[in-house]
Amino acid sequence: MLRWKDIIYYAKYGNPEPYEKVEKTEEEWRQELTEAQYQVLRQRATEPPYRNAYCRSYEPGIYTCAGCGQMLFNATEKYHAISGWPSFTQPARRGAIRYTFDDSHHMQRIEAICNVCGGHLGHVFNDGPEPGGLRYCINSASMVRLQDSCEG
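Residues numbered from 1 in each chain as written. Predicted model: local features only at pLDDT ≥ 70, side-chain atom pairs only at ≥ 80, totals over all residues. Heavy atoms only, no water.

### Focus on the overall build of the protein chain
Helices and strands together make up the secondary structure of the protein chain, namely three helices and nine strands. What you see in the protein chain, going N to C, is helices and strands ordered as α-α-α-β-β-β-β-β-β-β-β-β. Principal-axis analysis of the C-alpha atoms places the extent of the protein chain at approximately 45 × 40 × 30 Å. Every one of the 152 residues in the protein chain was classed for burial, and the buried ones make up 47%. Across the protein chain, every contact between residues at least 6 apart in sequence was considered, and the portion connecting residues at least 24 apart equals 61%. Counting only carbon and sulfur atoms, one obtains 50% of the accessible surface of the protein chain, whose full area is about 8100 Å². The average position of the 17 basic charges and that of the 19 acidic charges among the side chains of the protein chain differ by 5 Å. (Helix = DSSP H or I, 4+ residues; strand = E, 2+ residues; numbered from the N terminus. Buried < 20%, exposed > 50% of the residue type's maximum accessible area, 1.4 Å probe, protein only. Contact = heavy atoms within 4.5 Å. Areas by Shrake-Rupley, 256 points an atom, 1.4 Å probe, with all protein chains shown as cover. Lys, Arg positive; Asp, Glu negative; His and termini not counted. Charge placed at Lys NZ, Arg CZ, Asp CG, Glu CD.)

### Digging into the side chain of N115
Relative to the helices and strands, N115 resides in the loop between β6 (109–114) and β7 (120–125). With a relative accessible area of 3%, N115 lands in the buried category. There is a polar contact of 2.8 Å between the side chain of N115 and the backbone oxygen of P16. Of the polar contacts made by the side chain of N115, one reaches the backbone oxygen of G95; its length is 2.9 Å. Setting aside residues up to four positions removed in sequence, N115 forms contacts with P16, E17, P18, E20, Q70, G95, A96, I97 and R98. (Polar contact = N/O pair within 3.5 Å; in protein donor to acceptor, adjacent residues only side chain to side chain.)

### What to know about the sheet that holds strand β2 (residues 71–74)
A sheet is described by the order of its strands in space; here three strands give the open sequence β2-β1-β9, paired in antiparallel fashion. The open sheet has two edge strands with one neighbour each: β2 and β9 (143–146). In this sheet, neighbouring strand axes are inclined to one another by 30 degrees on average, regardless of whether the strands run parallel or antiparallel. Pairing geometry for strand β1 (residues 62–65) and β9, over four bridges, is antiparallel. Looking at β9, one finds that T64 is bridged to V144. (Pairing = 2+ DSSP bridges. Axes fitted to C-alpha atoms, helices over the stretch in contact; angles between N-to-C directions.)

In structure tokens form, the structure reads like this:
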């Protein structure tokens, strides 16, 4: 289980190495992603609060990166944070997300980035529920929810 001190450590000293890297030209990204996905993943945009695909969705499944398909979050870690964006308590695995300090918009935050393709996902905060205390505030456009294969 990741905790805030782990996130700070990764942002400050380095993140776990990804199991693979996906690198594409900006033209390839533009061709493969929708406009909303491109704006969020490649241009670091933020989609409007509450008017996004997964804000109010609590169905079972796995959330993968819309850019490369890497597993990011399990729906069992999703919770209602009243933030306007999908919120999760933990990533699917320790090395799924890369963390970096983000001082844009006159705020100090930690950006959550896909560790495989480098796509912007959202931000992580230390005001989530226990036991980990993390809140991953993630743009819906950066993810695709896959149905659990065990659903009957």
